[in-house]
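Read off the chains here:
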Amino acid sequence: MLRLASKRLLGQAPPRPAQILSRFYHENVIDHFNNPRNVGSFDKNDPTVGTGLVGAPACGDVMKLQIKVDEKTGEIVDARFKTFGCGSAIASSSVGRLQSISLPPVKLHCSMLAEDAIKAAVKDYQTKRAKVNGTPDAAPVEQAAQA
């Protein structure tokens, strides 16, 4: 190892091929981190709003995601988030859809955290709807969340 390092310093060793580090982020991730979309919050007491609050104890990321649902169609019409965490967690929140945003393998848990927040927000909305209507049926929202 020392011999190879000294040869490199003296210019006697062949140059190493360029390596692409897996920690470099895709331009889409950087864009969503620098210019996050849908930041903010809704009134949590609004019956058409569901709130999901999730965290990842291993890395310290915390994500609050709120959805606004159209009562007639059961479709999610708007979403807002607030995230405390790394750039990957913020970018995953900003995208707000269950899609890949080209995160490095070590950061994939951030997109799973966003998915958990969406599921928690849908569940919260369903619970609110059941209390208001007096029935546990909230199938249209569950279908809209899976779309």
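Taking an unreviewed UniProt entry as the reference, the chain is identified by name as NIF system FeS cluster assembly NifU N-terminal domain-containing protein belonging to Hevea brasiliensis.

Regarding the sheet that holds strand 3 (residues 76-84)
Pairing is antiparallel across the open sheet formed by 3 strands, whose spatial order is 1-2-3. Whereas interior strands pair on both sides, the edge strands pair on one side only; in this sheet they are strand 1 (49-56) and strand 3. The mean angle between the axes of side-by-side strands here comes to 15 degrees, regardless of whether they run parallel or antiparallel. In this structure, strand 1 lies alongside strand 2 (residues 61-69), joined through 8 bridges in antiparallel fashion. The residue bridging Val 54 from the neighbouring strand is Met 63, located in strand 2. This element, helix 3 (residues 87-95), spans strand 2 and strand 3 of the sheet and lies at about 170 degrees to strand 3. Most of the contacts of helix 4 (residues 108-133) go to strand 1, to which it runs at about 145 degrees, and overall it touches strand 1, strand 2 and strand 3.

Calculation notes
Residues numbered from 1 in each chain as written. Predicted model: local features only at pLDDT ≥ 70, side-chain atom pairs only at ≥ 80, totals over all residues. Heavy atoms only, no water. Pairing = 2+ DSSP bridges. Helix = DSSP H or I, 4+ residues; strand = E, 2+ residues; numbered from the N terminus. Axes fitted to C-alpha atoms, helices over the stretch in contact; angles between N-to-C directions. Contact = heavy atoms within 4.5 Å.

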